[in-house]
Amino acid sequence: MDIVKIGILGIVAAFLGLFLRQYRNEYGILTSLACCALIFAFLVSKLEIVLSYMDTIRSLLPVDERYLIMILKMIGISYAAEFATDVCRDAGYASVAGQIEMFAKISIILVSMPVLMGLIETVGVFL
């Protein structure tokens, strides 16, 4: 089970970070960043599986490829924002984390805007 490995890695990194913060606070932050980078690398290796399922969905359903790409972009924005905000909060910069969250929300709205416009045009045709 991969989640057990990732969970153990996170717990070890947290304890190591707590231990190293006694000596220098920067070492705790670097430990957190290193752990996050390892988990991200593992996640990227799993992305190939997600993409193969997306291809299967596309072949089974008459879904425009743009919509699937849009969903992947939204997931990517969410993950990147979560990663950045967690690192900023760990470092003590909660206000920067809040701004990153706001930017991510607006970015997701911008990515989804073509779908919203298509929906509005479709409803407009029926009215």
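From a predicted model like this one, the values you see are computed outputs, not experimental measurements. (Residues numbered from 1 in each chain as written. Predicted model: local features only at pLDDT ≥ 70, side-chain atom pairs only at ≥ 80, totals over all residues. Heavy atoms only, no water.)

A.B. asks: For this particular structure, what's the right way to read the packing of aromatic side chains?
C.D. replies: Aromatic rings in a pair are described by how distant their centres are and how their planes are angled relative to each other. Applying the stated rule across the entire model yields two aromatic pairs. Ring plane angle 75° and centroid distance 5.5 Å describe the contact between Phe-19 and Tyr-23, whose orientation is recorded as edge-to-face. For the ring pair Phe-40 and Tyr-79, a centre distance of 5.8 Å and an interplane angle of 20° mean the geometry is stacked. Of this pair, Phe-40 sits in helix 2 (residues 25-60) while Tyr-79 sits in helix 3 (residues 65-91), and the two are 39 residues apart along the sequence. We classify Phe-40 as partly exposed; its relative accessible area is 40%. Between the NZ or CZ atom of Arg-24 and the centre of the ring of Tyr-27, over which it lies, the distance is 6.0 Å. A cation over a ring is seen here: Arg-66 above Tyr-67, with NZ or CZ 5.9 Å from the ring centre. (Phe/Tyr/Trp six-rings, centres within 6.5 Å; stacked < 30°, edge-to-face > 60°. Helix = DSSP H or I, 4+ residues; strand = E, 2+ residues; numbered from the N terminus. Buried < 20%, exposed > 50% of the residue type's maximum accessible area, 1.4 Å probe, protein only. Lys NZ or Arg CZ within 6 Å of the ring centre and 35° of its normal.)

A.B. asks: Honestly, a nonpolar patch on the surface in this entry has me stumped. Any pointers?
C.D. replies: A grouping of Leu-16, Phe-19, Tyr-23, Tyr-27, Leu-30, Leu-33 and Phe-83 is seen on the molecular surface, where their side chains present a nonpolar patch of about 680 Å² in accessible area. Among the secondary structure elements, those contributing two or more residues to the nonpolar patch are helix 1 (2-21) and helix 2. If you tally residues by element for the nonpolar patch, the top one is helix 2, at three residues. With respect to the helices, strands and loops of the structure, Phe-19 is situated in helix 1. Using a relative accessible area of 43% as the deciding quantity, one classes Phe-19 as partly exposed. (Patch = residues over 30% accessible without salt bridge, like charges linked within 9 Å, V, L, I, M, F, W, Y side chains within 5 Å. Areas by Shrake-Rupley, 256 points an atom, 1.4 Å probe, with all protein chains shown as cover. Salt bridge = Lys/Arg side-chain N within 4 Å of Asp/Glu carboxyl O.)

A.B. asks: Would you mind showing me how to read the environment of Leu-9 here?
C.D. replies: Secondary-structure assignment places Leu-9 in helix 1. For Leu-9, a relative accessible area of 27% translates into the label partly exposed. Among all residues touching Leu-9, those that are not within four sequence positions of it are Cys-35, Leu-38 and Ile-39. (Contact = heavy atoms within 4.5 Å.)

A.B. asks: What should I look at first to understand helix 1 in this one?
C.D. replies: Counted at 1.5 Å a residue, the expected span for helix 1 with its 20 residues is 28 Å, and the 28 Å between its end C-alpha atoms agrees. Along helix 1, the positions that sit buried rather than exposed are Ile-6, Ala-13 and Gly-17. Each buried residue of helix 1 sits inside an arc of 35° when the element is viewed along its axis, so together they form one side. Opposite its buried face, helix 1 presents the exposed residues Ile-8, Phe-15 and Leu-18, each directed more than 90 degrees away. Along its buried surface, helix 1 packs onto helix 2. (Expected span 1.5 Å × (residues − 1). Arc of directions from axis to C-beta.)

A.B. asks: Could you clarify how one ought to interpret the pattern of salt bridges in this entry?
C.D. replies: For side chains of opposite charge, pairing can occur when their charged atoms come near one another. Per the stated rule, a full pass over the model turns up three salt bridges. Between Glu-26 and Arg-24 there is a salt bridge, with its nearest N and O atoms 3.1 Å apart. Across the pair Glu-101 and Arg-89 runs a salt bridge whose closest N-O atoms are separated by 3.1 Å. Of this pair, Glu-101 sits in helix 4 (residues 94-126) while Arg-89 sits in helix 3, and the two are twelve residues apart along the sequence. In this structure Glu-101 comes out as partly exposed when scored by relative accessible area, which is 29%.

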